[in-house]
Amino acid sequence: MMAHFPRDEPAEPSAPSAPGTFGKDRQISRRQFVDGVAVTAACAALGPVERQNGADADGLRHAGAVPAQHTGPGGHPARHAALRAIRPSRARTLQGDTPDALGVPHALRDGRFWERAGTPRPTGESYDLVVVGAGISGITAAYAWAGHDPAARVLVLDNYDDVGGHARRNEFRPAGRAGPLVGHGGSRALYAPSAWSREGRELLADLGVDVRGRRPPEDFYRALGMHEGVFCDRETYPAGPADRLVVLDPAKPARRWVAELPVAERARRDLVMLFEHPPDWFPGLTDARKKEMLAGLTYAGFLREVCRVHPEAVAFCQTMPNATWAYGSDALGAVDAWAGAGPFTYPGFSGLRLDRSAPSPYNAPRVARRWAARDADVPCFPEGNQALVRMMVARMVPGFAGACSPQDITTTWFDYGTLDRPANRVRVRLSSPVVLVRNDGPPATATSATVGYYDGGRVRTVRAGAVVMACWNMVIPYLVEDLPDEQRAAMRQAVKMPLVHATAQLRRWRAFREAGVHRVRFTGAYWVTAELAPPVSAGSYRAPAHPDEPIAVHLLHTPARRGLAPGDAAVAGRRVLARTPYAAMEFGVREQLTRLLGPYGFDPARDIEGLTINRWGHGYAPEYVRPWDAFHPDGPFPAETARRRFGRIAIANSDSVPGADADAAVSAAYRAVGELRASLSESRADAGSS
């Protein structure tokens, strides 16, 4: 059976019933192996990692939950030696929210870290700026600060083993291909870059990233006769004869492809009505009042309670928003579904005849921003948005990259051993989770701050003239213990949506071509989408162009539990994700691709040559949405309270906007840097006048 979502909560993918099922006996590359986030799950699945990490005398380094020990404040010498002057094919072993990355933050959360951590020891290092977090927001903050003051000393600390945060790079070395095959592991594309903030547009221009004139990936596949598709599984539609892949050809009216769905006859009639000729559900009401009515409903609630369609029609629409929002139609606001309605998504609104010249005040911020955009998602790099991060790091850290232009960044070499050299003006210290941040004195008068991080054996501290917190809002109260209660409470309202990205490297993609699809939405399976990598070339890197070439296919799982508000759904889904081992997710990838493509000649044992799982238990930043956030759009907004500067400490990160795209992370970084620099100027002016 396909790994299937029950109606009330996401399920773990089913385990293989016998050795060899779906090619499970084939030894594929585990370079990008990822297992459970929870320490207990990691123990069983990552025994060798546990033995390697061991446990110190304090018992703090348990179950592979913390990084291997540093021999000094400069980072991991052994890792740096192994990564020195190498091509990017040598990916780190664990990807995403791994036990190593989350062990210390979870120990802080659970109140057990300081029981055994010992007394912090100063390194003697002092910096003009310390940045907590090496994701897009943190690296942008360092880049902005260094741009204002090239002589400044900056330290970036991060708990992950690579720069970029959710912007990860997945890489494979398929036989017969000249050079690596590269894909993204989280942050895929630039979201509506023509509507980015001024700071975001200026950063892209400074890095030389030109988004103009880029053809959408759909155009390439459409020229090959490939379209989007929807896979209706027999678990969701038990009355249907079997699984059914339906190709969504835009040249066909809805009634043509709806007729192919394995749903009840009434559900077919209802879907045709929703797509082709829905009535005015709110006759006699004004445009504003209709939008207000939609703001009080979820999209699934709109279909059930207003349109009163067959349950199988509601089920067909359930996973439409998952790839964008990380939750389904049961949580998506109807007003945002109306705004995003397209030929194959969110039907039922055209009869309302709503004014589309401007967004509704009730629309989510990202929806409103996109209204003025001239573009949609723009994938600029094969590795996604990690290219932006590596270009910034390459400009700040001498010797990190062989070349750092947009044309060369995908194929250049990276020397991670350069990141934390003492001579660097900007240093990046990975696998170094921050555990304390405090102003040196009362926040109103402090002129410096202390930052402590765990180096694998002890807590070490550095001095900072200023600090930018570019980590999750949820974790900041555990690091800055004397935050005002109101600010602490506001930060804890930013509950990120969990995500899992899988990248499977296929020997060839002819089965997709034969099926006539390049992207498929699943109506009820564990992985909600599967799509071929965008055909993005960069410099000497060439995207696969022929169906017999190796290619990457990306799959997405959204663990949020159904039937709950987004924040509660995220927490419940994250618990399930923590118990799901890598082997079960791998089996789910193999099984779903087999059920989708098996009729077209796909053999998982032969055709899946590599697999990367990127687990993001804390993924998309939450946005303010109706019907769940009653204060939207009038405020007051928790993020405004959460992002207040606290003495020498400023708050960046996408949670502080809030927004789940790269521009949100970039604009938050520039805001935080601007606040700190303005404060420094005021302090100098006051000192001069006195």
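Residues numbered from 1 in each chain as written. Predicted model: local features only at pLDDT ≥ 70, side-chain atom pairs only at ≥ 80, totals over all residues. Heavy atoms only, no water.

### A look at the overall build of the protein chain
(1) Moving on: Along its length, the protein chain carries 24 helices and 20 strands.
(2) Moving on: In the protein chain, which comprises 690 residues, the share counted as buried stands at 61%.
(3) Moving on: Contacts in the protein chain between residues at least 24 apart in sequence constitute 73% of all its contacts with a sequence separation of at least 6.
(4) Moving on: Of the roughly 25500 Å² of accessible surface on the protein chain, a fraction of 51% belongs to carbon and sulfur atoms. (Helix = DSSP H or I, 4+ residues; strand = E, 2+ residues; numbered from the N terminus. Buried < 20%, exposed > 50% of the residue type's maximum accessible area, 1.4 Å probe, protein only. Contact = heavy atoms within 4.5 Å. Areas by Shrake-Rupley, 256 points an atom, 1.4 Å probe, with all protein chains shown as cover.)

### Some remarks on the pairing of strand β10 (residues 426-429)
(1) Moving on: Taking every second residue as pointing to the same face, both faces of β10 are buried, with V426 and V428 on one and R427 and R429 on the other.
(2) Moving on: When strand β3 (residues 154-157) meets β10, the two strands line up parallel, connected through four bridges. Note that in β10 the partner of V156 across the bridge is V428. (Pairing = 2+ DSSP bridges.)

### With respect to the sheet that holds strand β13 (residues 459-464)
(1) Moving on: One open sheet holds the four strands; their spatial order is β1-β13-β12-β11, and the pairing between them is mixed. Each edge of the sheet is formed by a strand with only one pairing partner; in this case those strands are β1 (121-127) and β11 (434-439). Neighbouring strand axes in the sheet, compared pairwise and without regard to direction, differ in orientation by 20 degrees on average.
(2) Moving on: Alignment of β11 against strand β12 (residues 449-454), held across five bridges, turns out to be antiparallel. Its bridge partner being in β12, V437 is matched across the sheet by V451. (Axes fitted to C-alpha atoms, helices over the stretch in contact; angles between N-to-C directions.)

### A few points about the confidence of the model for the protein chain
(1) Moving on: This prediction gives the protein chain a mean pLDDT of 86; 85% of its residues lie at or above 70.
(2) Moving on: Within the model, pLDDT remains below 50 along residues 24-94, and this stretch shows 184 contacts once partners closer than five positions in the same chain are excluded. (pLDDT = per-residue confidence, 0-100.)

### Remarks on the pattern of salt bridges
(1) Moving on: Inspection of the entire model under this criterion finds 41 salt bridges.
(2) Moving on: As a salt-bridge pair, D455 and R460 come within 2.6 Å of each other at their nearest N and O atoms.
(3) Moving on: Judged by relative accessible area, which is 14%, R460 ranks as buried.
(4) Moving on: Bridged by salt links that share partners, the residues R234, E235, D243, E591 and R595 form one connected network. (Salt bridge = Lys/Arg side-chain N within 4 Å of Asp/Glu carboxyl O.)

### A closer look at the nonpolar core
(1) Moving on: Counting residues in hydrophobic clusters, the biggest one holds 102 residues, and the most contacted among them are W257, L261, L294, F302, F316, V437 and M469.
(2) Moving on: Counting residues per element, this core draws most heavily on helix α9 (residues 265-276), at six residues.
(3) Moving on: One finds A401, V666, A669 and L676 within the second-largest nonpolar core, a separate group that totals 57 residues. (Core = buried A, V, L, I, M, F, W, Y, C linked by side-chain atoms within 4.5 Å.)

### Thoughts on the packing of aromatic side chains
(1) Moving on: Enumeration according to the criterion identifies 22 aromatic pairs in this entry.
(2) Moving on: Members of the aromatic cluster, each reached through a chain of ring pairs, are W281, Y299, F302, Y346 and F349.
(3) Moving on: Over the aromatic face of Y478 sits the side chain of R492, whose NZ or CZ is 5.0 Å from the ring centroid.
(4) Moving on: Over the ring of W145 we find R677, and its NZ or CZ is 4.9 Å from the ring centre. (Phe/Tyr/Trp six-rings, centres within 6.5 Å; stacked < 30°, edge-to-face > 60°. Lys NZ or Arg CZ within 6 Å of the ring centre and 35° of its normal.)

### Some details on the pairing of strand β15 (residues 497-506)
(1) Moving on: Most of β15 sits out of view: ten of its ten residues are buried.
(2) Moving on: Sheet topology places β15 next to strand β19 (residues 608-620); nine bridges connect them, and they run antiparallel. Bridging from a neighbouring strand, A504 pairs with L611 of β19.
(3) Moving on: Sheet topology note: the β15/strand β18 (residues 551-557) ladder contains seven bridges and is antiparallel. The residue of β18 that forms the bridge with H501 is L556.

### Overview of the side chain of T298
(1) Moving on: Locating T298 in the fold gives a position in the loop between α10 (287-295) and α11 (299-306).
(2) Moving on: In terms of polar contacts, T298 uses its side chain to reach the backbone amide nitrogen of G301, at 2.9 Å.
(3) Moving on: Those residues in contact with T298 that lie beyond four places of it in its chain are S329, D330, A331, L332, G333, A334, P627 and W628. (Polar contact = N/O pair within 3.5 Å; in protein donor to acceptor, adjacent residues only side chain to side chain.)

### Considering the side chain of H618
(1) Moving on: Among the secondary structure elements, H618 is positioned in strand β19.
(2) Moving on: Setting aside chain neighbours within four positions, we find H618 in contact with D97, H166, W472, K496, M497 and R574.

### Section: the sheet that holds β15
(1) Moving on: Strands sit in the order β8-β7-β16-β17-β18-β15-β19 across an open sheet of seven strands; the sheet is mixed. The open sheet terminates on both sides in strands that have one partner only, identified here as β8 (244-248) and β19. Going across the sheet, the axis of each strand differs from the next one's by a mean of 20 degrees, ignoring polarity.
(2) Moving on: The strands that helix α20 (residues 566-578) touches are β15 and β19; relative to β15, the one it contacts most, it runs at about 50 degrees.
(3) Moving on: Packing against the sheet, helix α21 (residues 582-597) makes contact with β7 (227-232), β8, β15, β16 (517-522), β17 (529-532), β18 and β19, and its axis sits at approximately 115 degrees to β19.

### Quick notes on the environment of V553
(1) Moving on: Mapping V553 onto the fold places it in strand β18.
(2) Moving on: Apart from residues no more than four positions distant in its own chain, V553 is found in contact with A502, T503, A504, L506, F512, A530, E531, L532 and L593.

### Some words on helix α5 (residues 136-148)
(1) Moving on: Between its terminal C-alpha atoms α5 stretches 18 Å, which fits the 18 Å expected from 13 residues at 1.5 Å a residue.
(2) Moving on: Most of α5 is tucked away: eleven of the 13 residues are buried.
(3) Moving on: Residues of α5 that are buried include every one of I136, S137, G138, I139, T140, A141, A142, Y143, A144, W145 and A146, and no others. (Expected span 1.5 Å × (residues − 1).)

### So, the packing of helix α6 (residues 198-207) against helix α16 (residues 386-396)
Geometry of a packed helix pair, given as the angle between the helix axes and the separation of the axes.
(1) Moving on: Running from amino to carboxyl end, α6 crosses α16 at an angle of 65 degrees, the nearest separation of the two axes being 11 Å. With respect to the hand of their crossing, α6 and α16 are arranged in left-handed fashion. Contact residues: L203, L204, D206 and L207 in α6; L388, M391, M392 and R395 in α16. (Left-handed = near helix turned anticlockwise from the far one by under 90°.)

### A closer look at unusual backbone geometry
(1) Moving on: Going from H632 to P633, the amide bond is cis rather than trans, its omega being 15 degrees.
(2) Moving on: Among the secondary structure elements, P633 is positioned in the loop between β19 and α23 (638-642).
(3) Moving on: Residue G635 is joined to P636 through a cis peptide bond whose omega torsion reads 0 degrees.
(4) Moving on: Within the fold, P636 resides in the loop between β19 and α23.
(5) Moving on: Residue A192 is not a glycine yet carries a positive backbone phi of 45 degrees.
(6) Moving on: One can find A192 in the loop between β6 (190-191) and α6.
(7) Moving on: With a phi close to 75 degrees, N653 is a non-glycine residue in the positive phi region.

### Quick look at the environment of G138
(1) Moving on: Note on placement: G138 falls in helix α5.
(2) Moving on: Residues G138 and A669 lie 531 residues apart in sequence; the distance between their C-alpha atoms is 6.8 Å.
(3) Moving on: When residues no more than four places from it in sequence are discounted, the contact partners of G138 are V131, G133 and A470.

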